[in-house]
Amino acid sequence: MLNHEKNIIELKNITVRFDGETILDDLNLTIRDGEFVTLLGSSGCGKTTTLRIIAGFLEPDEGEVFFDSKNMNGVPAHKREVNTIFQRYALFPHYNVFDNVAYGLKVRHVPKDEIRERVMEMLRLVNLEGFAKRSVAKLSGGQQQRVAIARALVLKPKVLLLDEPLSALDAKLRKDMQVELRNIQQATGITFIFVTHDQEEALSMSDTVVVMNEGKIQQIGSPEDIYNEPQNAFVADFIGESNILDGVMKEDFKASFSGHTFRCVDKGFAPGEAVDIVVRPEDVDIVKPENGMLRGTVTSVTFLGVHYEIIVDIGGFKWMIQTTDYAGVGDTVGLSIDPDAIHVMKKSKYSGLYGDYSTFSDEMEEMNQMSEELAEEYAEELAAQRAEEEEEEKDDASGGSAEEGAGT
Amino acid sequence: MKKTIGNIFVGLMYLILYLPLLVMVVFSFNAGSSTSVFKGLSFKWYVELFTNSTDVGVPVRNTLILAVVSAVIATVIGTAAAVYIYYVRSKLWKNTLNTVTNIPMMNPDIVTGVSLMLLFVFVGRLVGAVNSLNFFTLLIAHITFNIPYVILNVLPKLNQTDPHLAEAAQDLGSTPTESFFRVVLPAIMPGVTSGFMMAFTLSLDDFIISYYTTGTDFQTLPLYIFNMVKKPVKPHIYALYSIIFLLVLAVLLFTNISGMKDKKEKK
Amino acid sequence: MKNRTFLQRIIGAPYIFWAAVFIVVPLIIVVYYSFTDAAGNFTLDNMKNLSDYGQIFRDSILYSLAATAISLILAYPFAYVMSRKREKTQQIMMVLVMLPMWMSLLILTYSWMNILERQGIVNTFLTKIGLSPMTLIGTPGAVIFGMVYNYIPYMILPIYSVMSKIEPSVLEAAEDLGSGSVSKLYRVILPLSMPGVVSGITMVFVPSVSTFYISQKLGDGKILLVGDIIERQIQGNYNYNSGAALSFVLMVLIILSLALMKLFAGEADDSLYV
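Note on numbering: residues in each chain are counted from 1, in written sequence order. To label them, take the chains in the order written and letter them from A, then take the ligands in the order written and number them from 1. At least 70 in pLDDT is required for a residue's local features to be given in this predicted model, at least 80 for side-chain atom pairs to be given and counted, and no such filter applies to totals for whole chains, interfaces and linings, which use all residues.

Caption draft 1: Examining the overall build of chain B more closely. Broken down by element type, chain B carries 11 helices and zero strands. The N-to-C order of helical and strand elements in chain B reads α-α-α-α-α-α-α-α-α-α-α. Note on method: radius of gyration uses C-alpha positions; expected globular size equals 2.2 Å times residues raised to 0.38. Here the C-alpha atoms of chain B give a radius of gyration of 23 Å, more than 25% beyond the 18 Å that 2.2 N^0.38 yields for 267 residues. The dimensions of chain B, computed from C-alpha atoms along their principal axes, are 70 × 65 × 40 Å. Across the 267 residues in chain B, those meeting the buried criterion constitute 41%. By definition, residues are in contact whenever their C-beta atoms, placed on the basis of the backbone, come within 7 Å of each other. Summarising the internal contacts of chain B: among those between residues at least 6 apart in sequence, 76% fall at separations of at least 24. Put simply, DSSP H or I for four residues or longer makes a helix, DSSP E for two residues or longer makes a strand, and each gets a number counted from the N terminus. Residues with at least 20 other C-beta atoms within 10 Å of their own are called buried, those with 12 or fewer are called exposed, and the rest are partly exposed. The C-beta atoms themselves are positioned from the backbone.

Shown next as structure tokens:
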């Protein structure tokens, strides 16, 4: 009987340091039995480290790990009732498919007939029934992954840890496997803890999403909550596309930004409090300039099939709009935003970090910055060089004429 | 045109490279007993080898025993060492270990040989032994220069295998020790085997280090050859090495031809 | 971090012990013997006496440098031609280069002696056709030749290995940008093959400078190198101190040359090229 009220895993005040850096910073996390939880974040955020702490491959420097209310600190990985699916599957190259899946059972000295039965059942579950004798080196990525899943599930663990298992698969297979994994999880009732950097994946598969950055949890919630109500600029930027702006809460239900005051649905802020405003591109309508709450100039239009992606410059800040209405580059347009499309967040250390849509990636922004600086430097050098050359010419001219004069 | 010059050049190089071997094989069939004057064809040296009427039997046997024993021990210690080095976290310690491992490979044989000999003599004098050098000192010397080459073969294989293999085994319930023997070792076995082969071969051919670290009671084949100046030399040694030549050729071709087979399989 | 298992810590113990006792300690003992006399007292006499061998050191270095240079000049084009062949041909060529490496240096050098000596095969042939015999061994040339012969495979293989690993797309890019064969060789292949060259140089120079068998057999007793002197002192005179001093200097010499080369050539991964 699944007990959704039971906390199957608890991490309390977990801190991990390595080489002088803090990888996990006082992390607290509770996971309920039977959930599909995803740890989401970019590389280096600490999500894989968290997984390894739960698996037992890493001991935290501070804090405690509880499994089913039992303290797991100091218990090595091979004694914990959790199983892991590794990013590159870690299949044993010298064993065939059957022996790989049977490994855990053999280690537990399960009788041969039972092993045979359980392994074949598992292979059927992952659709690899005819593959028992195959060598694992000859399998495709998707097949290898299913062997890894079978190998872990055959042991009937209470918790399954998955470390970015789909990242090596191609896009369409990935989508199918996402559905597969979700189905397996719901059929078996096993708690899945899934690690990924792909936010679409996280939103589509999970009951609960844990957004992480720099060793800290930024937000925990259902996919809808994370998307609609991001709690800070980091989450807003990481999940989906967002226009993130500085704003002021004039009073409850009234937010002011981009030079206009809007009606919104948020309250509970101090009057005049500086806040971060999030507006999703798909929530903005393009209207005639005279009817718009904001006015701006279109700087680029990209046709994406599903919609147009239009960049509008409003007072120097580049907004991104996703709409099926066309607007031409250089047009002046008006923007209309419904009250519930405006999401207000408290300021955090991430405020102001995410700029506008003049670039999509951090790298491009850096490169643009760098090339601006370098161009400035080069221009200065060139100017200095020219100045020198002019000096020399002047000297030559005066010296030359003096010589000429002397020569005659 | 360029290709022909290239080919002629390469051909000439091979010719010179194989000249002494050619001479060796030809003279192994010499009816006369000189190694420089050819007097007609005869199998008698091969016959002598096989009827054991030469004195080369003992050195050959010694050399083989030494090679096998030292290679086995070196492989065990070396594989363990490679695994240890693989898991070391401290960069400083790792670099120190790598440097020390490189020393016997970089040092000329004569320095390795003399240094070990001096060690044995030093210890021998301390304990008042009459003969500081014997089979065991020779064995120790061979193991010492073999271990780095084993590490050289095993460590890259360790680096190539999936770092999560041992963890996966533990995740499924194996203790760390069990996970090493059941999963990691089989995965690095090719490296262990090639390390063993390399150690075995190096031991077979070693001359200078053996020269300085063996006692009078244990003579290896290279030392036997070295001593050959002092007596009238017969071509039976050529016969022996012609056989070795064929064996080595067979082994090298076999490993390379089966290498090609593997490549075809993968495609 | 407290995360290495006991097994991971202990598995290296046999090697650490072995390396300490049989690699590190012997070198210390060499230093000890270098700076003491037969009675165990500290002395610099061994070092001072080394000046007697100045010429021998000079000869050893010169001969091995010559051998190294010649090996490089011959091996580089050889490796280049090899790397241009079909895959299967390359494999066969490599086997043929490796074969002599696996044959004992002694038997090969001994065979050359038989070929080149005064009553050797070459001279027997020459006298048969009416020419006068030539003095082939006992010359520096013979010794250098012996060094080149024995160690050139160790020059060919690393260079070939690095050359064959140059990505074909790099060469194609050079062509695409206008390079012909010569230009490609000079501008792309040469610089990229440097690590192999450095490895090869090390693997020829070190054994050459310290040999004594080659100089004994092909030098006909007339050529004395460092290796010969060490052998004389230790096996001949039982003068361990002098032998140790010579070994010590030899070792320092080699370390210096290697360090010099590393400086010259940047990084060369000298532990991987065997």
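There's plenty left to go through after this.
Caption draft 2: Main features of the overall build of chain C. Across its full length, chain C holds 15 helices and zero strands. By its C-alpha atoms, chain C is 80 × 70 × 30 Å across when sized along the principal axes. The burial tally for chain C puts 42% of its 274 residues in the buried class. The contacts in chain C between residues at least 6 apart in sequence include a share of 72% that link residues at least 24 apart.

Caption draft 3: Structural view of the interface of chain C and chain B. Taken together, the contact pairs 62 residues of chain C with 59 residues of chain B. Sort the elements by how many residues they give to the side of chain C that touches chain B and helix α2 (residues 13-34) of chain C lands first, with 13 residues. Throughout, the ten residues Ala, Val, Leu, Ile, Met, Phe, Trp, Tyr, Cys and Pro are labelled nonpolar, Asp, Glu, Lys and Arg are labelled charged, and all others, Gly among them, are labelled polar. Counted by class, the side of chain C that touches chain B contains 46 nonpolar, 15 polar and one charged residues.

Caption draft 4: Main features of the interface of chain B and chain A. Taken residue by residue, the interface counts 14 residues in chain B and 18 residues in chain A. Listing elements by their share of the side of chain B that touches chain A, those giving two or more residues are α7 (165-171) and α8 (176-205) of chain B. Ranked by the residues each element gives to the side of chain B that touches chain A, the list is headed by α7 of chain B, at five residues. Of the residues that constitute the side of chain B that touches chain A, the class distribution is six nonpolar, five polar and three charged.

Caption draft 5: Local environment of the environment of Ala67 of chain B. Residues and elements named next belong to chain B. Relative to the helices and strands, Ala67 is located in helix α3 (residues 57-87). Assessed through the 22 C-beta atoms surrounding it within 10 Å, Ala67 is described here as buried. In this structure the C-alpha to C-alpha distance between Ala67 and Met198, which are 131 residues apart in sequence, comes to 10 Å. Excluding its chain neighbours within four sequence positions, the residues that come into contact with Ala67 are Phe200, Ser203 and Leu204.

Caption draft 6: View of the packing of helix α5 (residues 109-126) of chain B against α2 of chain C. Lines are fitted to the C-alpha atoms to define the axes, a helix being fitted only along its stretch in contact, and any angle between axes, read from their N-to-C directions, falls within 0 to 180 degrees. Closest axis-to-axis distance for the α5 of chain B/α2 of chain C pair is 8 Å, and the angle between their directions is 80°. By the criterion of interaxial angle, the relationship of α5 of chain B to α2 of chain C is roughly perpendicular. Contacts from Val114, Ser115, Leu116, Leu118, Leu119 and Phe122 of chain B in α5 of chain B reach Phe22, Val25, Pro26, Leu27, Ile29, Val30 and Tyr33 of chain C in α2 of chain C. Within the contact of α5 of chain B with α2 of chain C, the residues separate by chemical class into 12 nonpolar, one polar and no charged. Reported orientations rely on four angle classes, namely roughly parallel under 35 degrees, roughly antiparallel over 145, roughly perpendicular from 65 to 115, and oblique for the rest.

Caption draft 7: Molecular detail of the pairing of strand β10 (residues 216-221) of chain A. Residue and element names in this part refer to chain A. When DSSP finds at least two bridges between two strands, those strands are taken to pair. For strand β9 (residues 208-213) and β10, the ladder comprises five bridges, and the chain directions are antiparallel. Its bridge partner being in β10, Val209 is matched across the sheet by Gly221. Turn length for the β9-β10 hairpin, with the two strands adjacent in sequence and antiparallel, is two residues, and the turn residue Glu214 shows positive phi of about 50°.

Caption draft 8: Quick look at helix α1 (residues 2-28) of chain B. The terminal C-alpha atoms of α1 of chain B, which comprises 27 residues, lie 39 Å apart, in line with the 39 Å expected from a rise of 1.5 Å per residue. In the structure, α1 of chain B departs most strongly from a straight axis at Tyr18 of chain B, where the bend amounts to approximately 45° and where the proline Pro20 of chain B lies between one and four residues downstream. Every helix has an expected span of 1.5 Å times one less than the residues it contains. Take the seven residues that end at a residue and the seven that start at it, fit an axis to each, and the angle between those axes is the bend at that residue.

Caption draft 9: Summary view of the nonpolar core. Note on terminology: a nonpolar core is any set of buried Ala, Val, Leu, Ile, Met, Phe, Trp, Tyr and Cys residues joined through C-beta atoms within 7 Å. Core analysis: the largest hydrophobic core is formed by 132 residues, its most contacted members being Ala81, Val114 and Leu118 of chain B together with Ala79, Met155, Ile156 and Ile159 of chain C. At 13 residues, α3 of chain B tops the list of elements feeding residues into this core. Counting only domains with at least three residues in this core, you end up with domain 1 (1-54 + 234-267) and domain 2 (57-231) of chain B. Contacts of Ile156 of chain C, omitting those with residues within four sequence positions, involve Ala75, Phe78, Ala79 and Val97 of chain C. With 109 residues, the next largest nonpolar core counts Met205, Ile226, Ile244 and Val312 of chain A among its residues. The start and end points of each domain follow an automatic or database-based domain assignment.

Caption draft 10: Representation of helix α2 (residues 97-107) of chain A. All names here are of chain A. Of all 11 residues making up α2, eight are buried, and the element is well covered by its neighbours. Taken residue by residue, α2 has Val97, Phe98, Asn100, Val101, Ala102, Tyr103, Gly104 and Leu105 as its buried positions. Looking at the buried residues of α2, the elements they touch are α3 (112-125) and α4 (141-153). Of the residues trailing α2, His109 is marked for its positive phi of about 55°.

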